[in-house]
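# Coordinates in review
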Amino acid sequence: MSLIRRKVTKQIKVGDVKIGGEAPIAVQSMTNTDTRDVMATLNQINRLYEAGCEIVRCAVIDEEAAKALKIIKEKSPMPVIADIHFNHRLAILSIESGVDCVRINPGNIGSFDKVKEILKAAYEHEIPLRIGVNSGSLEKDLLDKYNGPTANAMVESAYRWVKKIEDANFTNMKVSIKSSDPLTTIECNEKISEFIDYPLHLGVTEAGSSREGVIKSVSALSVLLREGIGDTIRISLSEPPEKEIDVCYELLNALGLRKKKSIDFVSCPTCGRIEIDLIALVNELKKRLSNIKKPIKVAVMGCVVNAIGESKEADLAIAGGRHFGLIIKRGEKVKKVREEFLVDEFVKVVEKYAEEV
Ligand code: SF4
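Below is a summary of the structure that appears in this document. (Residues numbered from 1 in each chain as written. Predicted model: local features only at pLDDT ≥ 70, side-chain atom pairs only at ≥ 80, totals over all residues.)

## Some points on the overall build of the protein chain
What the protein chain contains, in helices and strands, is twelve helices and 15 strands. Summarising its shape, the C-alpha atoms of the protein chain cover approximately 75 × 45 × 30 Å along the three principal directions. Looking at the protein chain as a whole, 45% of its 357 residues qualify as buried. For the protein chain, contacts bridging at least 24 residues in sequence account for 62% of all contacts bridging at least 6. (Helix = DSSP H or I, 4+ residues; strand = E, 2+ residues; numbered from the N terminus. Buried ≥ 20, exposed ≤ 12 C-beta atoms within 10 Å, placed from the backbone. Contact = placed C-beta atoms within 7 Å.)

Set out below in structure tokens:
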């Protein structure tokens with residue numbers, strides 16, 4: 001469905017989710033509950049799963065959190081990644097708790113001997129590692145060489161770690177280089193993808209909340225995805241993590257890389273020809289149809305000017321008129337409805353269509 005030719009990377013598995021190779025780009029998020037609070041964390045994991053999340057990451061801040069991952073992993077409907085910073089023992093404990101993958105930034109683990117202990121545990125439990133590099137975990141010699149945490153410094157750091165880990169006979173990994181700057185994120189991932197064939201996890205870190213977070217993330221990720229780079233993504237937002245999933249699917253859907261598991265809305269921006277309250281209509285329809293988990297394309301157009309063309313591309317459409325709307329199914333007119341009844345009537349038509357497909 002997409003014209004994008006993806007780079008074929010080495011495939012790994014996080015639990016039962018394939019990453020890389022020909023696998024669809026996997027959608028991830030991270031819980032923001034205290035991992036030691038098993039109930040709260042599982043509740044959030046379930047909400048993320050309902051929203052379409054495919055892999056979840058949980059922060060491991062101490063031993064209790066690493067041990068809590070045992071129950072979380074057993075009850076989670078999707079694979080669980082332990083997120084480790086600084087303490088290699090927490091990585092090993094999390095692996096012993098049965099997690100499906102561990103994320104480490106080797107640069108902040110302390111020594112390569114400690115990293116090797118993590119590699120050994122991961123190897124024995126047959127799970128992959130996500131090898132992360134970000135500006136905060138860069139080695140001093142690279143900071144000096146490049147005069148700061150530049151894209152080249154991060155790429156060299158990632159490449160160096162990958163080689164060291166390969167030399168220790170461990171190849172079950174994916175790699176992420178994250179920056180809070182979209183252009184640096186693009187440059188880092190373009191470069192590292194030329195040097196290695198491991199799957200890449202994409203994201204703009206600390207992107208911010210709602211509008212700026214979405215724009216920063218999407219501006220970087222859409223460039224990379226269009227170039228065929230990236231095997232799994234997270235949109236990091238300072239928002240409840242469930243919101244991240246919607247944005248991931250909206251982005252992948254827009255690029256033709258995944259189908260959204262909900263209604264794909266097209267609506268016109270309105271103009272002086274409008275004779276119907278289209279903005280209210282679209283908002284109400286989005287609310288009323290949010291429970292439909294089928295990839296149905298719906299076009300809501302203010303007048304016939306663009307409605308004819310759009311309705312041919314959509315499964316169902318509305319073409320606005322003077323206080324009425326024409327309901328159109330696959331390009332064929334179904335009925336003409338007065339504005340005050342339009343939402344109710346259209347919702348009925350969409351619900352019926354959703355049952356048929
Ligand atoms: S569809 Fe009609 S109302 Fe909407 S922007 Fe186009 S011309 Fe204007």
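## Some details on the packing of helix α1 (residues 38–51) against helix α9 (residues 242–254)
In the contact formed by α1 and α9, the axes pass within 9 Å of each other and the chain directions differ by 20 degrees. With respect to α9, the axis of α1 lies roughly parallel. The handedness of the crossing between α1 and α9 comes out as right-handed. Packed against α1, whose contacting residues are Arg47, Leu48 and Ala51, the element α9 presents Glu242, Ile245 and Asp246 at the interface. Classifying every residue of the contact of α1 with α9 by side-chain character gives three nonpolar, no polar and three charged. (Axes fitted to C-alpha atoms, helices over the stretch in contact; angles between N-to-C directions. Parallel < 35°, antiparallel > 145°, perpendicular 65-115°, else oblique. Left-handed = near helix turned anticlockwise from the far one by under 90°. Nonpolar A, V, L, I, M, F, W, Y, C, P; charged D, E, K, R; others polar.)

## Topic: the pairing of strand β8 (residues 173–178)
Of all the six residues making up β8, six are buried; the element is thus mostly covered by neighbouring parts of the structure. Alternating residues of β8 divide into Met173, Val175 and Ile177 and Lys174, Ser176 and Lys178, and every residue in both groups is buried. Sheet topology note: the strand β7 (residues 129–134)/β8 ladder contains six bridges and is parallel. The residue bridging Leu129 from the neighbouring strand is Met173, located in β8. (Pairing = 2+ DSSP bridges.)

## What to know about the pairing of strand β14 (residues 324–329)
Relative to β14, strand β13 (residues 316–320) runs antiparallel, the two being bridged by five bridges. In the sheet register, Ala317 faces β14, and the bridge partner there is Ile328. In this antiparallel pair of consecutive strands, β13 and β14, the connection spans three residues, and His323 shows a positive phi of 60 degrees. In terms of strand pairing, β14 meets strand β15 (residues 332–338) through six bridges, oriented antiparallel. Opposite Ile328, over in β15, you have Lys333 as the bridge partner. If you look at the hairpin formed by β14 and β15, you'll find two residues sitting between the two strands, and Arg330 has a positive phi there, around 45 degrees.

## Some thoughts on the environment of Ser76
By the element assignment, Ser76 lies in the loop between α2 (63–75) and β5 (80–83). A residue is classified by how many C-beta atoms lie within 10 Å of it, and Ser76, with 22 of them, is buried. In sequence terms Ser76 and Ala354 are 278 residues apart; their C-alpha atoms lie 29 Å from each other.

## Structural notes on the sheet that holds β7
In a beta sheet, neighbouring strands are held together by backbone hydrogen bonds and run either parallel or antiparallel to one another. Judged by pairing direction, the sheet is parallel, and its eight strands sit side by side in the order β8-β7-β6-β5-β4-β3-β10-β9 without closing on themselves. Taken across any chain shown, the strands that pair with only one partner, and hence form the sheet edges, are β8 and β9 (201–202). In terms of strand pairing, strand β3 (residues 26–30) meets strand β4 (residues 55–59) through three bridges, oriented parallel. Bridge pairing in β4 places Ser29 opposite Val56.

## A word on the site of the ligand
In the vicinity of the ligand, the contacting residues are Cys268, Pro269, Thr270, Cys271, Arg273, Ile274, Met301, Gly302, Cys303, Val305 and Asn306. Looking at the shell around the ligand residue by residue, the classes come out as seven nonpolar, three polar and one charged. (Near = placed C-beta within 6 Å.)

## Things to note about the sheet that holds β13
What the five strands build is an open sheet, ordered β11-β12-β13-β14-β15; its pairing is mixed. In this open sheet, the two edge strands, each paired with only one partner strand, are β11 (264–267) and β15. Going from strand to strand, the sheet's axes swing by 15 degrees on average, the running direction of each strand aside. In terms of strand pairing, strand β12 (residues 297–301) meets β13 through four bridges, oriented parallel.

## Topic: the environment of Met78
Along the chain, Met78 falls in the loop between α2 and β5. Each C-alpha atom, one on Met78 and one on Ile104, is 20 Å from the other, the two residues being 26 residues apart in sequence.

## Observations concerning unusual backbone geometry
Even without being glycine, Phe86 reaches a positive phi, approximately 75 degrees. Along the polypeptide, Phe86 turns up in the loop between β5 and α3 (88–96). Judged by the 15 C-beta atoms lying within 10 Å of it, Phe86 is partly exposed. Phi is positive for Glu126, close to 55 degrees, though the residue is something other than glycine. Within the secondary structure, Glu126 is located in the loop between α4 (112–124) and β7.

## A few points about α9
Under the 1.5 Å per step criterion, the end-to-end length of α9 is 19 Å for 13 residues, consistent within 8% with the ideal 18 Å. Along α9, the residues that are buried comprise Glu244, Ile245, Val247, Cys248, Tyr249, Leu251 and Leu252. Residues of α9 that are buried sit in contact with β3, α1, α8 (210–226) and β10 (232–233). (Expected span 1.5 Å × (residues − 1).)

Any link to function would need more than the numbers given here.
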